[in-house]
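# Chains, contacts and geometry: an overview
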Amino acid sequence: MNFIKFIFPFLISLALVVGLNNKWGQIPPLGKFLDPYNGFWANSENQNIPFEEKPVIEGLNETVSIYYDSILVPHVYANNDHDLYMAQGFVTAQNRLWQMEFQTHASGGRVSEIIGKDALDFDRYQRRNGLLYGAEKAVKLMAEDPIIGPMLNAYTEGINEYIASLEYKDLPIEYKLLDYKPEPWTNLKSGLLLKYMANDLAGGDSDAENTQLVKMLGKERFDFLFPDRYKDFDPVIPKKRNWDFEAKKVERPDSINFPLVFPDDKAPQPNPQNGSNNWTVHGSKTSTGKPMLANDPHLGLNLPSIWYVMHLNSPSVNVYGSTLPGALGVIIGFNDSVTWGVTNATRDVRDWYHITFKDDDKQEYFYNGKWLKTQKIIQEFKIRGEESFHDTIYYTHHGPIVYDENFRSENSKTNFALRWTAHDPSNEQLTFHLLNRAKNYDDYEEALTHYDCPAQNFAYADVHGDIALWINGKFPLRWEEQGKFIMDGSRADMDWAGFIPREHNAYMKNPEQGFLSSANQIPVDSTYPYYHYDRGFEHYRNRRLNQKLETLENITVEDMMRLQNDNFWLMASEILPIILDSLNRNNMNEAEKIAFESLSNWNYMANQDLTAPAYFEVLWNKLYRNLWDEFYGLEVPVRRPELPVTIQVLKEHPDDPYIDNRKTDKIESITDLYQMSFQSAVDSVENWKSVNEKELTWSNFKNTTVQHLARLAPFSSDNLQIGGNKHILNATSGRHGPSWRMIVSMENPIKAYGVYPGGQSGNPGSYYYDNLIGSWANGEYYELENKANASDLKNVIFTQTLTPQAK
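A quick note: this is a predicted structure, and the numbers were derived from the prediction, not measured. Think of each chain on its own: its residues are numbered from 1, step by step along the sequence as written. Confidence filtering applies because this is a predicted model: local features only for residues at pLDDT of at least 70, side-chain atom pairs given and counted only at 80 or more, and all residues used for totals across whole chains, interfaces and linings. Water and hydrogen atoms play no part in the side-chain values, which are based on all heavy atoms of the structure.

### Some remarks on the overall build of the protein
Filter applied, for reference: Put simply, DSSP marks the helices as runs of H or I at least four residues long and the strands as runs of E at least two long, and each gets a number from the N terminus on. For the radius of gyration, the atom set is restricted to C-alpha positions; the globular benchmark scales as 2.2 Å times the number of residues to the power 0.38. Note on exposure labels: buried denotes an accessible area under 20% of the residue type's maximum, exposed denotes more than 50%, and partly exposed covers the range between, all computed with a 1.4 Å probe on protein chains only. Here a residue-residue contact requires only that any non-hydrogen atoms of the pair lie within 4.5 Å. Each accessible area is a Shrake-Rupley result for a 1.4 Å probe, and residues are judged covered by the shown protein chains and nothing else. His is not counted, nor are the chain ends, whereas Lys and Arg count as positive and Asp and Glu as negative. Lysine's charge is taken at NZ, arginine's at CZ, aspartate's at CG and glutamate's at CD.
Of the regular secondary structure elements, the protein holds 23 helices and 29 strands. Taking 807 residues into account, the globule formula puts the C-alpha radius of gyration at 28 Å, and the protein, at 27 Å, falls close to it. In terms of overall dimensions, the protein has a C-alpha envelope of 85 × 70 × 65 Å along the principal axes. Across the 807 residues that make up the protein, the buried fraction comes to 63%. For the protein, restricting intrachain contacts to residue pairs at least 6 apart in sequence, the fraction spanning at least 24 positions comes to 72%. Just so you have it, the protein exposes about 30,700 Å², and 47% of that area is on carbon and sulfur atoms. Where the 78 positive side-chain charges of the protein centre and where its 107 negative ones centre are 1 Å apart.

### So, unusual backbone geometry
Backbone torsion omega between Leu303 and Pro304 reads -10°, so that peptide bond is classified as cis. Following Cys453, the chain continues into Pro454 via a peptide bond in cis, with omega recorded as 0°. Relative to the elements of secondary structure, Pro454 occurs in the loop between helix H14 (441–448) and strand E18 (456–462). Even without being glycine, Asn520 reaches a positive phi, approximately 70°. Relative to the helices and strands, Asn520 is located in the loop between strand E22 (515–518) and helix H15 (541–551). Taking relative accessible area as the criterion, Asn520 reaches 4% and is therefore assigned buried. Of note in the backbone geometry, Asn554 takes a positive phi value of approximately 50° without being a glycine.

### Topic: the pairing of strand E26 (residues 741–745)
Walk down a regular strand and you will see the side chains alternate between the two sheet faces. The line we're drawing: Note on pairing: DSSP must find at least two bridges between two strands before they are called paired.
With five of five residues buried, E26 is to be regarded as a mostly interior element. Sheet analysis places strand E5 (residues 292–300) next to E26, joined by four bridges and oriented antiparallel. Each bridged residue has a counterpart across the sheet, and for Asn295 the counterpart in E26 is Met742. Pairing geometry for E26 and strand E27 (residues 751–755), over five bridges, is antiparallel. Across the sheet, residue Arg741 finds its bridge partner in E27, namely Val755.

### Side note on the confidence of the model for the protein
In plain terms, the rule: Think of pLDDT as the predictor's per-residue confidence, scored from 0 to 100.
Taken over all residues, the pLDDT of the protein has a mean of 93, while the share at 70 or more is 94%. Low confidence marks residues 1–26, where pLDDT is under 50. Its contacts with residues over four positions away, or in another chain, come to 51 contacts.

### So, the pattern of salt bridges
Pairing between side chains of opposite charge can happen when the charged atoms of each approach one another. Rule in force here: Think of a salt bridge as a Lys or Arg side-chain nitrogen and an Asp or Glu carboxyl oxygen that are within 4 Å of each other.
Under the criterion given, the structure shown has 41 salt bridges. With a closest N to O distance of 3.4 Å, Arg128 and Asp404 form a salt bridge. Of this pair, Arg128 sits in helix H6 (residues 120–128) while Asp404 sits in the loop between strand E16 (401–403) and strand E17 (416–420), and the two are 276 residues apart along the sequence. Between Arg478 and Asp348 there is a salt bridge; the shortest N-O distance is 4.0 Å. On the criterion of sequence distance, the pair formed by Arg478 in the loop between strand E19 (467–472) and strand E20 (487–488) and Asp348 in the loop between strand E10 (338–344) and strand E11 (350–354) is long-range, its members being 130 residues apart. Judged by relative accessible area, which is 7%, Arg478 ranks as buried.

### Section: the packing of aromatic side chains
Rule in force here: Only rings of Phe, Tyr and Trp enter the pairing, Trp through its six-membered ring, and a pair is recorded when the two centres are within 6.5 Å. The plane angle decides the type: under 30 degrees is stacked, over 60 is edge-to-face, the rest tilted.
Under the criterion given, the structure shown has 44 aromatic pairs. Between Tyr441 and Tyr444 the ring centres are 5.6 Å apart and the planes differ by 55°, which places this aromatic pair in the tilted class. Of this pair, Tyr441 and Tyr444 both sit in helix H14, three residues apart, which is roughly one turn of that helix. Taken individually, Tyr441 and Tyr444 each receive the classification buried, so the pair is uniform in this respect. When the centroid spacing of 5.0 Å and the interplanar angle of 85° are considered together, the rings of Tyr767 and Tyr768 count as edge-to-face. Owing to a relative accessible area of 33%, Tyr767 belongs among the partly exposed residues under this scheme. On the accessibility criterion, Tyr768 (5% relative accessible area) is buried.

### Concerning the sheet that holds strand E23 (residues 704–708)
Pairing is mixed in the open sheet, where three strands are placed in the order E6-E23-E24. Of all the strands in the sheet, the pair left with one neighbour each is strand E6 (302–303) and strand E24 (717–720). Sheet topology note: the E6/E23 ladder contains two bridges and is parallel. Opposite Asn302, over in E23, you have Gln707 as the bridge partner.

### A closer look at a nonpolar patch on the surface
Short version of the rule: Put simply, a patch holds well-exposed residues, over 30% relative accessible area, that have no salt bridge, with like charges counted together within 9 Å and Val, Leu, Ile, Met, Phe, Trp or Tyr side chains within 5 Å.
A surface patch of nonpolar side chains, amounting to about 210 Å² of accessible area, comprises Met216, Leu634 and Val636. Topologically, Val636 is positioned in the loop between helix H19 (612–627) and helix H20 (643–652). Given the relative accessible area of 34%, Val636 is considered partly exposed.

### Concerning the sheet that holds E16
The line we're drawing: All axes here are fitted lines through C-alpha atoms, helices being fitted over the stretch that makes contact, and every angle between N-to-C directions spans 0 to 180 degrees.
In spatial order, the strands read E16-E17-E11-E20; together these four strands make up an open sheet with mixed pairing. Each of the sheet's edge strands pairs with one partner strand only, and the pair in question is E16 and E20. Summarising the sheet, E16 and E17 pair through two bridges and their orientation is antiparallel. Bridging across to E17, Ile401 finds its partner in Ala417. Relative to E16, H6 is tilted by about 145°, and along the sheet it contacts E11 and E16.

### Considerations on the environment of Gly191
Relative to the helices and strands, Gly191 is located in helix H10 (residues 187–202). Relative accessible area serves as the criterion here: at 0%, Gly191 is assigned to the buried category. Considering only alpha carbons, one finds Gly191 and Gln429, 238 residues apart in sequence, at a separation of 9.5 Å. Leave out the neighbours within four places in its chain, and Gly191 touches Ala135, Val139 and Met142.

Following this line, the structure appears as structure tokens:
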């Protein structure tokens, strides 16, 4: 961030502080905050490197050398793994401390401690949702692991060594603005970070909505509008796959009755657009004759960025890639032998059970003909500026009671327990530890056996010529449609029958077609012998990606880059011609004629400088709402049909009752629906043009913004000039998009490239806070170097040496 942008004049500074007071309810001590030597002015770095050159670190065994390159990526060289991970913790905290702590406070339900009572409802849900519950189990398992336990301890020690070195002037500016200090890091915080990601990627469900919809619509109509798989679907694992194993059987109960009690108000769900693209290409289709891999996880666009890029080197490992600030090792990356990337596997692993308590004391609940004991835990919530709040959470064998008469319901019979794989003990850190050191396919496959949640599609390539993709995670063994609706928690036959054996998880290695890909679509076809379900699957990015990969030959790194930045809007190409053919051109006003002309001449590329994507975006939103108007404004939780079903209804069922808009006296035809949606869309765009001083272009209209985690506008970056949108390979919408783009060619030597929408520094006063955003928006990449020898590194701008404390 430019120095001028960061340094506010005094009055603006004061206004910001007072503004934050109105928002957060606390004012930092103005004398300290505005102190020119120690206050927020001390956070202005511009392009200076503010790190201490030779910090002394207690607990370090040997010297660790860290070389920062031109984009501030640290290349960490250590003589042993203990020192490597201690250095990783130290360096990560040096750049991202506030982000690390804020995210783990959010995961652990502790935001009220920072901003006051406005966050209490959020915090209560986080605890009841079981993120702390799951993190405690995970950390216990990690502590018992002979590999991860010592490394996690070293990582935590490194973070705390950095925290202990801080004075007020050194604190990230967010601490000064919000007037609090960092606390010591613990292993539990690392566990909470992992559960934060599990919730972001696998924390959504539609059980209550589905149950309500079956009640409203009937089962036949529900199945039509909300099918388990779409017409013309294209799964992750190609349809040619032969499942050469004997599947475990699970019996469906003879009678199933769904409870008709629902939460009054469900807590907010994770963004349904959280997903990703990845693909791996065999050497038979590349220009080098060696495999290539690409990955771009789609997450919220935040500053500081969700990822922190590092190169970690010790005698046991030489790995480069994106790390999660607060977690060990590299999450997405490559070493000297292999590369891997992940996408969300979109599998429902959360089920809701209606619980019947014996009485209002909730000491016992009915299950399988008996009264079982609950476990009661009283959670304290510290609230800034107020007395603590205490919430009693009851636990069943299913899991915690999330919704009851004390939380988001006034009905004493509303008691819902959550069964979620994220609550189970797991050690995902071991997976990444092993992947970081993998030499071949067998090592990759072994590493995945330790991975549970959130389920991911792990794409793989290596220097030996192998490519593969595993849909990996811990998946419940269910009967058909189990977990799709709220279940009766008193029945044993509603419990999961166990888990799908890990060796039965869907995967493919070295396919005939020469590539494998995933983009959050349905994982497998109907021949896969286990029930699989999710509330919705991607249906457009995956098909566009596979269409391109099928036709491309002699694929180059540049081809892979073009694919990651591809703006073709497949969904628009499949419905817009039908809409335009139905419109009456004779009665169009001038604005409608301009819009029609723009859409008619459009090549379906959502490029930043075009107007047609803006017209189509509004047209589609209007059409969708007009079609499914019956699903809006209800007092009960429901969901609305997904895009593929919507297009199927429009194309193949023009007389469907939903075509009529219930808000009008007239019975609309599908032509009427198209016409009114088009006219309303043009009016909306014209209104946008009248209140905005910008030219109507797609990038100006969608206003892609990389927003500060605390929503501080001066520390955010808006109106980025970039194309793409959701359901497009370049999945950049207003607040969401590719959070890390990586391409790796497994030639000799390995060549790798990457970029992300942010910067390495977490300090808004640093040039390196957001210096990569422009390159990311322009589709440009940086070369990624994982040199085994530090002397071979290029573009080193600063060297830091961590020195052991004298004994």
